[in-house]
Amino acid sequence: MDGIPCSHALEVCRHYAVDPTTFMHECYSTTEYALTYSSGFFAPLSDIEEWDDPNFQLRHDPDHRIRHRGRDVTSRIHNEMDWAQTRAR
(Lines give C-alpha, C1' and ligand atoms only; values in the text may rest on other atoms or scores of the structure.)
Protein backbone atom coordinates (compact mmCIF):
# COMPACT_ATOMS: atom_id res chain seq x y z
CA MET A 1 0.00 0.00 0.00
CA ASP A 2 1.10 3.55 -0.63
CA GLY A 3 -0.87 5.43 2.00
CA ILE A 4 -3.52 5.04 4.64
CA PRO A 5 -5.85 2.04 4.19
CA CYS A 6 -9.38 2.81 3.02
CA SER A 7 -12.47 2.00 5.08
CA HIS A 8 -12.92 -1.32 3.27
CA ALA A 9 -9.38 -2.41 4.12
CA LEU A 10 -9.89 -1.31 7.73
CA GLU A 11 -13.02 -3.44 7.96
CA VAL A 12 -11.16 -6.48 6.61
CA CYS A 13 -8.38 -5.87 9.16
CA ARG A 14 -10.98 -5.67 11.93
CA HIS A 15 -12.64 -8.86 10.75
CA TYR A 16 -9.36 -10.81 10.73
CA ALA A 17 -8.02 -9.09 13.90
CA VAL A 18 -5.05 -7.60 12.04
CA ASP A 19 -3.47 -4.29 13.05
CA PRO A 20 -4.16 -1.90 10.12
CA THR A 21 -1.08 0.18 10.91
CA THR A 22 1.04 -2.67 9.55
CA PHE A 23 -0.32 -1.75 6.09
CA MET A 24 0.44 1.97 6.43
CA HIS A 25 3.55 3.65 5.11
CA GLU A 26 5.78 4.78 7.98
CA CYS A 27 5.56 8.43 6.88
CA TYR A 28 1.98 8.47 8.23
CA SER A 29 3.00 7.42 11.74
CA THR A 30 2.87 9.83 14.66
CA THR A 31 6.59 9.28 15.20
CA GLU A 32 7.42 10.54 11.69
CA TYR A 33 4.94 13.40 12.10
CA ALA A 34 6.71 14.50 15.28
CA LEU A 35 10.12 14.21 13.59
CA THR A 36 8.96 16.40 10.71
CA TYR A 37 8.18 19.31 12.98
CA SER A 38 10.98 18.74 15.51
CA SER A 39 13.69 20.04 13.16
CA GLY A 40 12.30 23.58 13.26
CA PHE A 41 12.30 23.79 9.45
CA PHE A 42 8.53 23.34 9.36
CA ALA A 43 6.59 25.40 11.84
CA PRO A 44 2.85 24.77 11.82
CA LEU A 45 0.67 27.85 12.14
CA SER A 46 -1.83 27.52 14.93
CA ASP A 47 -4.16 30.36 13.96
CA ILE A 48 -5.15 32.42 10.91
CA GLU A 49 -3.85 35.51 12.73
CA GLU A 50 -0.29 34.21 12.24
CA TRP A 51 -0.58 34.08 8.43
CA ASP A 52 1.35 36.62 6.36
CA ASP A 53 -0.61 39.08 4.22
CA PRO A 54 -0.48 37.72 0.64
CA ASN A 55 -0.22 41.24 -0.91
CA PHE A 56 -2.76 40.42 -3.63
CA GLN A 57 -6.51 40.23 -3.95
CA LEU A 58 -8.34 37.20 -5.32
CA ARG A 59 -10.93 38.00 -7.97
CA HIS A 60 -13.69 35.85 -9.34
CA ASP A 61 -13.98 36.05 -13.12
CA PRO A 62 -17.27 34.48 -14.25
CA ASP A 63 -16.09 34.53 -17.89
CA HIS A 64 -13.59 31.75 -17.10
CA ARG A 65 -16.27 29.37 -15.90
CA ILE A 66 -16.61 26.34 -18.14
CA ARG A 67 -20.19 25.49 -18.94
CA HIS A 68 -21.21 22.41 -20.86
CA ARG A 69 -24.46 22.00 -22.68
CA GLY A 70 -26.87 19.27 -21.75
CA ARG A 71 -27.21 17.06 -18.77
CA ASP A 72 -24.26 16.40 -16.47
CA VAL A 73 -22.51 13.10 -17.08
CA THR A 74 -22.34 10.80 -14.10
CA SER A 75 -19.30 8.76 -13.17
CA ARG A 76 -21.42 6.15 -11.42
CA ILE A 77 -20.76 2.56 -12.40
CA HIS A 78 -23.99 0.86 -13.39
CA ASN A 79 -24.80 -2.69 -12.32
CA GLU A 80 -27.59 -5.20 -12.80
CA MET A 81 -29.97 -3.18 -10.62
CA ASP A 82 -29.94 -0.43 -13.26
CA TRP A 83 -30.92 -2.66 -16.17
CA ALA A 84 -34.57 -2.74 -17.17
CA GLN A 85 -36.45 -5.88 -16.26
CA THR A 86 -38.81 -7.54 -18.73
CA ARG A 87 -42.24 -8.33 -17.39
CA ALA A 88 -43.67 -11.82 -17.72
CA ARG A 89 -47.15 -11.71 -19.26
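Keep in mind that this is a model prediction, so the values were computed, not measured. (Residues numbered from 1 in each chain as written. Predicted model: local features only at pLDDT ≥ 70, side-chain atom pairs only at ≥ 80, totals over all residues. Heavy atoms only, no water.)

Caption draft 1: Structural detail: a nonpolar patch on the surface. A surface patch of nonpolar side chains, amounting to about 390 Å² of accessible area, comprises V12, Y16, V18 and F23. Its location among the elements puts F23 in the loop between α1 (7-15) and α2 (30-38). Under the relative-accessibility criterion, F23 is labelled partly exposed at 39%. (Patch = residues over 30% accessible without salt bridge, like charges linked within 9 Å, V, L, I, M, F, W, Y side chains within 5 Å. Areas by Shrake-Rupley, 256 points an atom, 1.4 Å probe, with all protein chains shown as cover. Salt bridge = Lys/Arg side-chain N within 4 Å of Asp/Glu carboxyl O. Helix = DSSP H or I, 4+ residues; strand = E, 2+ residues; numbered from the N terminus. Buried < 20%, exposed > 50% of the residue type's maximum accessible area, 1.4 Å probe, protein only.)

Caption draft 2: Just unusual backbone geometry, in detail. One non-glycine residue, A17, adopts positive backbone phi at about 55°. Its place among the elements puts A17 in the loop between α1 and α2. Positive phi outside glycine occurs at N55, with the angle close to 60°. Topologically, N55 is positioned in the segment after α2. For N55, a relative accessible area of 68% corresponds to the exposed category.

Caption draft 3: Just the packing of aromatic side chains, in detail. Within this structure, the stated rule accounts for one aromatic pair. Ring plane angle 65° and centroid distance 5.1 Å describe the contact between Y33 and Y37, whose orientation is recorded as edge-to-face. Of this pair, Y33 and Y37 both sit in helix α2, four residues apart, which is roughly one turn of that helix. The class of Y33 is exposed, set by a relative accessible area of 53%. For Y37, a relative accessible area of 33% translates into the label partly exposed. (Phe/Tyr/Trp six-rings, centres within 6.5 Å; stacked < 30°, edge-to-face > 60°.)

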